[in-house]
Protein chains: 2
Amino acid sequence: MTFHAIIPAGGAGSRLWPLSRASHPKFLVDFGSGHTMIHDTVTRLAPLTSSIYTVTGTAHAAAVREQLADIHTPLHYVVEPSPRGTMAAIGIAAALAHRSDPDALVGSFAADHRISNTAAFTTAVRTALHAAERGYLVTLGITPTGPATGFGYIRAGGPLAGGPLAGGQLAGDTAALAVEKFVEKPDADTAASYLAQGGYYWNAGIFVAHAATLMDMLAEYRPDIAAPLRQLAQLWDLDSVQQTAQVEELWASIPKEVIDRAVAEPAAAAGRVAVVPADMGWSDVGDYDSLAEGIPAGELTTQRIPGNTGAPVLAIDAPDSLVYSSTKPIVVVGVPGAVVIDTENALLVTTREKAQDVKKAVDGLDAAGLADLR
Amino acid sequence: MTFHAIIPAGGAGSRLWPLSRASHPKFLVDFGSGHTMIHDTVTRLAPLTSSIYTVTGTAHAAAVREQLADIHTPLHYVVEPSPRGTMAAIGIAAALAHRSDPDALVGSFAADHRISNTAAFTTAVRTALHAAERGYLVTLGITPTGPATGFGYIRAGGPLAGGPLAGGQLAGDTAALAVEKFVEKPDADTAASYLAQGGYYWNAGIFVAHAATLMDMLAEYRPDIAAPLRQLAQLWDLDSVQQTAQVEELWASIPKEVIDRAVAEPAAAAGRVAVVPADMGWSDVGDYDSLAEGIPAGELTTQRIPGNTGAPVLAIDAPDSLVYSSTKPIVVVGVPGAVVIDTENALLVTTREKAQDVKKAVDGLDAAGLADLR
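Residues numbered from 1 in each chain as written. Chains lettered and ligands numbered in written order. Predicted model: local features only at pLDDT ≥ 70, side-chain atom pairs only at ≥ 80, totals over all residues. Heavy atoms only, no water.

### So, the relation of the copies chain A and chain B
- Note on the copies: chain A fits chain B at an RMSD of 0.1 Å, the axial shift is 0.1 Å, and the rotation between them is 180 degrees. Both copies are brought into coincidence by an operation consistent with a two-fold rotation axis. Taking the C-alpha atom as reference, chain A places A:Val349 closest to the rotation axis, 3.9 Å from it.
- Looking at chain A, 100% of its interface residues are interface residues in chain B too, so the copies touch through the same face. (Least-squares fit on C-alpha atoms with pLDDT ≥ 70 in both. Contact = heavy atoms within 4.5 Å.)

### Some points on the packing of helix α7 (residues 211-221) of chain B against helix α10 (residues 259-269) of chain B
Residue and element names in this part refer to chain B.
- For the pair α7 and α10, interaxial distance at closest approach is 10 Å and the crossing angle is 95 degrees. The orientation of α7 with respect to α10, classified from their angle, is roughly perpendicular. When α7 is examined against α10, the residues Leu214, Met217, Leu218 and Tyr221 are found in contact with a partner set consisting of Ile259, Ala262, Val263, Pro266 and Ala267.
- Grouping the constituent residues of the contact of α7 with α10 by class yields 9 nonpolar, no polar and no charged. (Axes fitted to C-alpha atoms, helices over the stretch in contact; angles between N-to-C directions. Helix = DSSP H or I, 4+ residues; strand = E, 2+ residues; numbered from the N terminus. Parallel < 35°, antiparallel > 145°, perpendicular 65-115°, else oblique. Nonpolar A, V, L, I, M, F, W, Y, C, P; charged D, E, K, R; others polar.)

### Concerning the pairing of strand β10 (residues 273-278) of chain B
Residue and element names in this part refer to chain B.
- With 6 of its 6 residues buried, β10 lies for the most part within the structure.
- Across the two faces of β10 the burial is the same, with Val273, Val275 and Pro277 and Ala274, Val276 and Ala278 all buried.
- Looking at chain direction, strand β6 (residues 137-142) and β10 are connected through 6 bridges and run parallel. Following the sheet pairing, glycine 141 is matched in β10 by proline 277.
- Two elements, strand β8 (residues 177-183) and β10, share 2 bridges in a ladder whose sense is antiparallel. Bridge pairing in β10 links alanine 178 to alanine 274. (Buried < 20%, exposed > 50% of the residue type's maximum accessible area, 1.4 Å probe, protein only. Pairing = 2+ DSSP bridges.)

### Regarding the interface of chain A and chain B
- In this complex, chain A contributes 34 residues to the contact, which on the side of chain B involves 34 residues.
- Note on chain A versus chain B: buried area summed over both sides is about 2700 Å², and carbon and sulfur give 70% of it.
- Applying the counting rule to chain A against chain B returns 4 salt bridges.
- In this structure, A:Lys360 engages B:Asp317 in a salt bridge whose closest nitrogen and oxygen atoms are separated by 2.8 Å.
- Counting across the interface, chain A meets chain B through 16 residue pairs in polar contact (both at pLDDT 80 or more).
- If you list the elements that add at least two residues to the side of chain A that touches chain B, you get β12 (313-316), β14 (330-333), β15 (338-342), β16 (347-351) and α13 (358-364) of chain A. (Buried area = accessible area lost by both parts, 1.4 Å probe. Salt bridge = Lys/Arg side-chain N within 4 Å of Asp/Glu carboxyl O. Polar contact = N/O pair within 3.5 Å; in protein donor to acceptor, adjacent residues only side chain to side chain.)

### Thoughts on the sheet that holds strand β12 (residues 313-316) of chain B
- An order of β13(A)-β15(A)-β16(A)-β14(B)-β12(B) is seen for the 5 strands of this open sheet, with the pairing classed as mixed. In the strand order of this sheet, the two ends are held by β13 (322-324) of chain A together with β12 of chain B, each with one partner. For this sheet the average axis-to-axis angle between neighbouring strands, irrespective of direction, equals 10 degrees.
- Sheet topology places β12(B) next to strand β14 (residues 330-333) of chain B; 4 bridges connect them, and they run parallel. When the bridges of β14(B) are listed, B:Val313 appears paired with B:Ile330.

### Description of the sheet that holds β12(A)
- Ordered by their spatial adjacency, 5 strands build an open sheet running β12(A)-β14(A)-β16(B)-β15(B)-β13(B), and the pairing between neighbours is mixed. Among the strands making up the open sheet, the edge pair consists of β12 of chain A together with β13 (322-324) of chain B. Along the sheet, successive strands turn relative to each other by an average axial angle of 10 degrees, direction set aside.

### Description of empty space enclosed by the protein
- Following the criterion strictly, the structure yields 7 cavities of 30 Å³ or more and no others.
- As for the largest cavity, its lining consists of A:Met87, A:Gly91, A:Ala94, A:Ala95, A:Leu214, A:Met215, A:Leu218, A:Ala226, A:Leu229 and A:Arg230.
- Mapped onto the lining of the largest cavity, the elements with two or more residues apiece are α3 (85-100), α7 (211-221) and α8 (223-235) of chain A.
- Take the lining of the largest cavity: its biggest share by element is 4 residues, from α3(A).
- Considering only residue class, the lining of the largest cavity consists of 8 nonpolar, 1 polar and 1 charged.
- As for the second largest cavity, its lining consists of B:Met87, B:Gly91, B:Ala94, B:Ala95, B:Leu214, B:Met215, B:Leu218, B:Ala226, B:Leu229 and B:Arg230.
- Those elements that place two or more of their residues in the lining of the second largest cavity are α3 (85-100), α7 and α8 (223-235) of chain B.
- Of all the elements, α3(B) adds the most residues to the lining of the second largest cavity, at 4 residues.
- Residues that form the lining of the second largest cavity fall into these classes: 8 nonpolar, 1 polar and 1 charged. (1 Å grid on protein atoms, 1.4 Å probe; cavity = no way out; pocket = protein on both sides within 12 Å on 5 of 7 lines; lining within 4 Å. Points joined across faces, edges and corners; volume = space filled by probe spheres on them.)

So far we have only geometry, and geometry alone does not tell us how the molecule works.
This is the structure we're talking about:
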């Protein structure tokens, strides 16, 4: 058995503008670890995997390759001719892994999430691999830390059919459970009720399975996606930025869909999905509030995004604020939870409470004649 | 009769940092009129006066002279060897005006206040001159627009002894009244009671009198200040940056005092002070909130300090905010009343509500290793 990680790297992360830009998206940003998020993601997965498939658009292919130049685990670069959704992105990589090893296990992991507890992550992935070997599509379910409305939830049922897993016995509270269903992002009351009931986990978009299982499920639930992918797997020039016209045409014919809807939801309804609960310090770093929450309390007292070595910051009566400075000293007075991001060519001022609305501002840049700052 | 304006130009205006600096104080800043505050002050007074005496420290003497190069009214530059308070500053200029014309009337006007209604100001000063000719020390009393706690108040009594003034008949509601007393900055409850009672005006530090009257009062109430000033008036080299050692020594011997305490308060107790109520769009532009209040509503919708021609500003869900940009576009999201001042070498983020606390930040610059930004 071999295990291959698939890392779809897309999305601009516009709520983290101006650190994240269309031309320099979130997965290429270093939010204080000393490395870009995609580099951290690969480093976290390298000890567990036989190889890693990154999946990017053409615009960022070179940057991703450059970022990962120092990684020793075998890397493959899948460059999408155009964006066709996460199902196509993960599907083509799974099909390519299956081409190289028919017994391959694969796992998809976002390029731009933070996981602070690597040991817990590793244990959860190992447990997921055991369940995947038994034919399940396995997701990691993030133990909720609050009634978040920004994530989908996974409703867990009882232990997997066929008795407890070896992995479950090894890993204590990370034993795999059956998934009853995936539910969409809830409103605040619904989210609160999920937490009160228990048995709900955040859906972080992490899926582990035999490549063959995933492709079989896709063939069953979405043959219109499975068929071109199967064909593409034979024709694809791996690690090349440029594919043939035939490949590009086939690729463009794939219906745009996310993996959750294409495979995970129908498979869950059929009792074919397992969840491994994981309490591993996960964050999607979706906005500046989420970024701030991930900073250890001791480091946040400096009000600086860790790793930011810009000019000094003086914060007066501004607890829990988050500041990123460049060449110019920044003084914040009397704005608790202020977010001040001073980059070379754009300055953002908001608060952690309003951090979600940064997307609105980015959407407004064009009308303000500032399209080049996107 | 001649009338000479005295413009003491001192004080850093630290609550308007970083636009105002110790090295570039508030009176040398252009807050949107197209001219510095001292230039606006001189322009406002020029049509009323025979000459204007500016009083500055050595550090800003050259800058003030440069600022006023295009003014046609005769200007005199009084350069203080060291700061000795407003009594010495106004006193030396009054003594010098008296030296050139024993019948001279003088009036002191801060260099860094805004007056939006020049016609009302002119009328009030003319009324004050009438009262001054009758031997009063005359102050302009600003009609309060709210229960401010940042200003001293003037308690007005009845019409001046000797019947109504000619000026009063000319100027309607600007007739001069006797001053009962000056009161210190009140707390909020006291300020509210002043407004409820009526008859209270803000003390803007504007005093008009015969130079001889002012010097006589000073001789009576503070002979220790009057004596060296009388001597200095004979020895002073007007318009020179450098005085003799004898002058410097005499100057340094003057007790440091403000004109209110040295002369205005005791003279009021003796029935020798008049007040001309004035509703003239006055503001001390004491902080960014005060600065914002002085901007016409139509102009503030741009969120920009008028006259600021820096990079674009995009304000989303940030009503009543005040932004000053330099080379870099600024995006403000979800911070009503935000104040964002981006200068060449320092960035301030606060709110209009907390604008008073900017002083705290400036006081904290030294400890933060940022003393050079003061």
